[in-house]
Amino acid sequence: MSLVEKVRGALGRDDDRVDAEKLVTRLSSLSRFLRVTDPYLPDSDLVAAHTLVERAGTRLELSQDHTVVALAGSTGSGKSSLFNALARLKLSPVGVRRPTTGVAHACVWGPLAPANRLLDWVGVLPRQRYVRESALDGDDEAALRGLVLLDLPDFDSVERGHRLEVDRLLGLVDQVIWVVDPQKYGDRILHNAYLRQFRQHADVTIVVLNQADRLSAADTEIVLTDLRRLLDEDGLSGAPVLATSAKQPGMLTELREALEKTVAERQAALRRLAGDVDTIGEQLAEMIGPPAAEDEVDRATVRQLSDTLALSAGVPAVAEATGNAYRHRAAASTGWPLVRGLRRLRPDPLKRLHIEPVAEGEVVPRTSLPAADAAQKSAVGLSVRAVADRAAAPLPAVWSPALHTAARSRAADLPDALDRAVGSTDLGMDRVPVWWRLVGVLQWALTFAALGGLLWLLAGYAVRALGLPELRTPKVGDVPMPTLLLLGGLALGFLLWLLLKPIVNWGARRARRRVEQRLQVAVTAVAREHVVAPVREVLHAYAQAREALAVVRSE
Ligand SMILES: Nc1nc2c(ncn2[C@@H]2O[C@H](COP(=O)(O)OP(=O)(O)OP(=O)(O)O)[C@@H](O)[C@H]2O)c(=O)[nH]1
Ligand SMILES: [Mg+2]
């Protein structure tokens, strides 16, 4: 059975159900808030909220038929006397030596058994549990059935243990009756350390001015007015103030009626928890500010990061090598065949860096690019920090460490990831352009023509030297054909190479720019995956926490 169903089952009236459901919704949003913020915010800031979720879960599972009301106050104010007077029995010792009460006593109106689990949880020892159900009383006490009244030790005790016990119990009970006396009702500790901390709980707080029998009616009025003023200053304007006396049963009627109302409504537990959720919601609100836009890490910051990453990954060196490789390969394909071979002897600039195309699914080998130097590394560090700073700017300061940790979380992987990105980027250099082939063929044709001319000339000399009949040599204008072929072939080849030089240079610049762009894209992807994505995760948690808190704080 879910918590909502349990609470619903225990409540009768429709209005009560609405309140209970609302409380459960707020509590589950608080859990959600804690779930999303836990990895990122300091434990010390969340511990109170964790405690509340845990405590609320347990209290709502325990008896909804019982209302746990504590009598709290300083020593000698008359808590035990009031406890006994309300029970009409002498249960808790009243003493002259202060402090008297050292451990909490409980009195249960109605059978004890159903309240035992609740009292186990509250932590009242079995021997300090009393039952206010007697055949002799008849129905006199029926209106208080379901009340579990606690007599607490004094909160301002000389005994440190008393104070700790009071603080523990005040965190668990459904309602508190603060018992003050005419001498000490203005006590600073009472107001600053306790009542002010209960300002969200005015609807489950009653303040009684006890020992009123010791004051005249006029003085009682004066003290009550002053006490009211102090409570208003504490933020407890909504809490009722009553004058009581443990010595005169007639002066307990108002308090008894207030308790009967509390018991009948069975709302105190829910109201107490709702007040706690209000308090925690107020505290948590300090950790949540304006909404963080989805693209909080803007383009300019990412651009700056990928620029520094590109430098550290040696992108300019690869781009330059690409330009040189273009020229090198173009010369090898289109250059003058007579010197082409010499070109081939020199290594290809890209191959020297070990950047070669890799088939899909193959492991990308490491490039031979030099590792980033100290200056580049520190520039990367600064840019990574800038990403975190940018994301943290609109958020409350408590998120800043988480954002910086996230930005740096994968920094150690960056050098490898960048090298892999550079190594696996298609530089577009594996295809030989068609015009290189055509020019290559033309260059060979011209070279063959020149060679043909040379052989022809040599054959002519040989024929002449041997005294054989002279070969018939056609002429173009005045120039004999073999000479034309030799000189024309050589000159045209050389000219073609000269003419193509600017085109090759232009192609090299284009290849270089293209490679720069492709590598920039690859490096930006690494920047996004390794730096921006972890930061975004934190921002996403922030957005979810913000949503959850809005529900927690909806009253
Ligand atoms: N006249 C008068 N005396 C009271 C009243 N209530 C308590 N007393 C006396 O005040 C003294 C202290 O009463 P306790 O009930 O022991 O006070 P307490 O708040 O339980 O004190 P601790 O247990 O020490 O915290 C006792 O002597 C009581 O008789 C009252 O309403 N009127
Ligand atoms: Mg006492």
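Residues numbered from 1 in each chain as written. Chains lettered and ligands numbered in written order. Predicted model: local features only at pLDDT ≥ 70, side-chain atom pairs only at ≥ 80, totals over all residues. Heavy atoms only, no water.

Novice: Residue-level account of a nonpolar patch on the surface, with values.
Specialist: On the surface, Trp 444, Phe 448, Leu 451, Leu 454, Leu 455, Leu 458 and Tyr 461 cluster together into a nonpolar patch covering about 750 Å² of accessible area. Take Tyr 461: it is sitting in helix 18 (residues 434-465). (Patch = residues over 30% accessible without salt bridge, like charges linked within 9 Å, V, L, I, M, F, W, Y side chains within 5 Å. Areas by Shrake-Rupley, 256 points an atom, 1.4 Å probe, with all protein chains shown as cover. Salt bridge = Lys/Arg side-chain N within 4 Å of Asp/Glu carboxyl O. Helix = DSSP H or I, 4+ residues; strand = E, 2+ residues; numbered from the N terminus.)

Novice: Tell me about the coordination of the magnesium ion (ligand 2), residues and numbers included.
Specialist: Looking at the magnesium ion (ligand 2), one finds its protein donor set to be Ser 80 (OG) and Thr 101 (OG1), positioned 1.9 to 2.0 Å from the metal centre. Pair noted here: Ser 80 is in helix 4 (residues 79-87) and Thr 101 is in the loop between helix 4 and strand 2 (105-108), with a separation of 21 residues, a long-range link. (Donors = N, O, S within 2.8 Å, 3.2 Å for Na, K, Ca; no water.)

Novice: So what's going on with the nonpolar core? Residues and values would help.
Specialist: Formed by 79 residues in total, the largest nonpolar core has its most connected members in Phe 33, Leu 284, Trp 399 and Leu 403. At 20 residues, the largest contribution of residues to this core is made by helix 19 (residues 481-552). What Leu 284 contacts, discounting residues up to four positions off in sequence, is Leu 30, Phe 33, Asp 45, Leu 46, Ala 49 and Leu 549. Ranked by size, the runner-up nonpolar core spans 41 residues in total, among them Leu 62, Phe 155, Val 223 and Leu 227. (Core = buried A, V, L, I, M, F, W, Y, C linked by side-chain atoms within 4.5 Å. Buried < 20%, exposed > 50% of the residue type's maximum accessible area, 1.4 Å probe, protein only. Contact = heavy atoms within 4.5 Å.)

Novice: Let's hear about the layout of surface pockets: which residues, and what values?
Specialist: Roughly 580 Å³ of volume is contained in the second largest pocket. In terms of lining, the second largest pocket is formed by 32 residues, of which the most central are Gly 78, Ser 80, Ser 81, Ala 246 and Lys 247. Mapped onto the lining of the second largest pocket, the elements with two or more residues apiece are helix 4 and helix 9 (253-265). The residue makeup of the lining of the second largest pocket, split by class, is 10 nonpolar, 14 polar and 8 charged. (1 Å grid on protein atoms, 1.4 Å probe; cavity = no way out; pocket = protein on both sides within 12 Å on 5 of 7 lines; lining within 4 Å. Points joined across faces, edges and corners; volume = space filled by probe spheres on them. Nonpolar A, V, L, I, M, F, W, Y, C, P; charged D, E, K, R; others polar.)

Novice: Summarise the sheet that holds strand 6 (residues 205-209); cite the residues concerned and give the values.
Specialist: Strands pair in a sheet through their backbones, by hydrogen bonds, and they do so in one of two ways: parallel or antiparallel. On the basis of which strands lie adjacent, the open sheet formed by 7 strands has the order 3-2-4-1-5-6-7 and mixed pairing. The sheet is open, and its two borders are formed by strand 3 (129-131) and strand 7 (241-243), each paired with just one other strand. This sheet shows a mean twist of 25° between the axes of neighbouring strands, independent of strand direction. The pairing of strand 2 with strand 4 (residues 147-151) spans 4 bridges and is antiparallel. If you follow His 105 over to strand 4, its bridge partner there is Asp 151. (Pairing = 2+ DSSP bridges. Axes fitted to C-alpha atoms, helices over the stretch in contact; angles between N-to-C directions.)

Novice: Which residues make up the site of ligand 1, and what are the values?
Specialist: With respect to spatial proximity, 22 residues lie near ligand 1, and among them Thr 75, Lys 79, Ser 81, Thr 100 and Thr 101 are the closest. At 2.9 Å from an oxygen atom of ligand 1 is found a main-chain nitrogen or oxygen belonging to Gly 78. With respect to ligand 1, the backbone of Thr 100 contributes an N or O atom lying 2.7 Å from an oxygen atom. For ligand 1, the accessible surface in isolation is 640 Å², of which the surrounding protein chains cover 88%. If you map ligand 1 onto the pockets, it falls in the second largest pocket. Residue classes in the shell around ligand 1 are distributed as 3 nonpolar, 13 polar and 6 charged. (Near = heavy atom within 4 Å. Polar contact = N/O pair within 3.5 Å; in protein donor to acceptor, adjacent residues only side chain to side chain. Sits in = over half its atoms within 2 Å of the grid points.)

Novice: Which residues make up helix 10 (residues 268-284), and what values go with them?
Specialist: Taking 1.5 Å as the rise per residue, helix 10 with 17 residues should run 24 Å; its terminal C-alpha atoms sit 24 Å apart, in good agreement. Counting buried positions along helix 10 yields 13 of 17 residues, so the element is predominantly enclosed. (Expected span 1.5 Å × (residues − 1).)

Novice: Can you tell me about the pattern of salt bridges, naming the residues and giving the values?
Specialist: One pass over the structure, following the stated rule, counts 21 salt bridges. Between Asp 156 and Lys 184 there is a salt bridge, and its shortest N-O distance comes to 3.8 Å. Placement of the pair is Asp 156 in the loop between strand 4 and helix 6 (160-170) and Lys 184 in the loop between strand 5 (175-180) and helix 7 (188-194), with a sequence separation of 28 residues. We note a salt bridge from Arg 303 to Asp 307, for which the minimum N-O separation is 3.5 Å. Here Arg 303 pairs with Asp 307, and both are found in helix 11 (residues 299-312), just 4 residues apart, close to one helical turn.

Novice: Outline the packing of helix 3 (residues 43-61) against helix 10, supporting the account with residue identities and numerical values.
Specialist: The description of two helices packed together rests on the angle between their axes and the distance between the axes. Contact pair helix 3 / helix 10: the axes reach a minimum separation of 10 Å and the direction vectors enclose 165°. Classified by the angle their axes make, helix 3 and helix 10 are roughly antiparallel. In the packing of helix 3 onto helix 10, the handedness of the crossing is left-handed. Contacts between helix 3 and helix 10 pair Asp 45, Leu 46, Ala 48, Ala 49, Leu 52, Arg 55, Ala 56, Arg 59 and Leu 60 from the former with Ala 269, Leu 270, Arg 272, Leu 273, Asp 276, Val 277, Ile 280, Gln 283 and Leu 284 from the latter. (Parallel < 35°, antiparallel > 145°, perpendicular 65-115°, else oblique. Left-handed = near helix turned anticlockwise from the far one by under 90°.)

Novice: Just give me the short version of a positive patch on the surface, but keep the residues and values in it.
Specialist: Together, Arg 327, Lys 501, Arg 509, Arg 510, Arg 512 and Arg 513 line one region of the surface with positive charge. One can find Arg 512 in helix 19. What makes Arg 512 partly exposed here is its relative accessible area of 32%. (Lys, Arg positive; Asp, Glu negative; His and termini not counted. Charge placed at Lys NZ, Arg CZ, Asp CG, Glu CD.)

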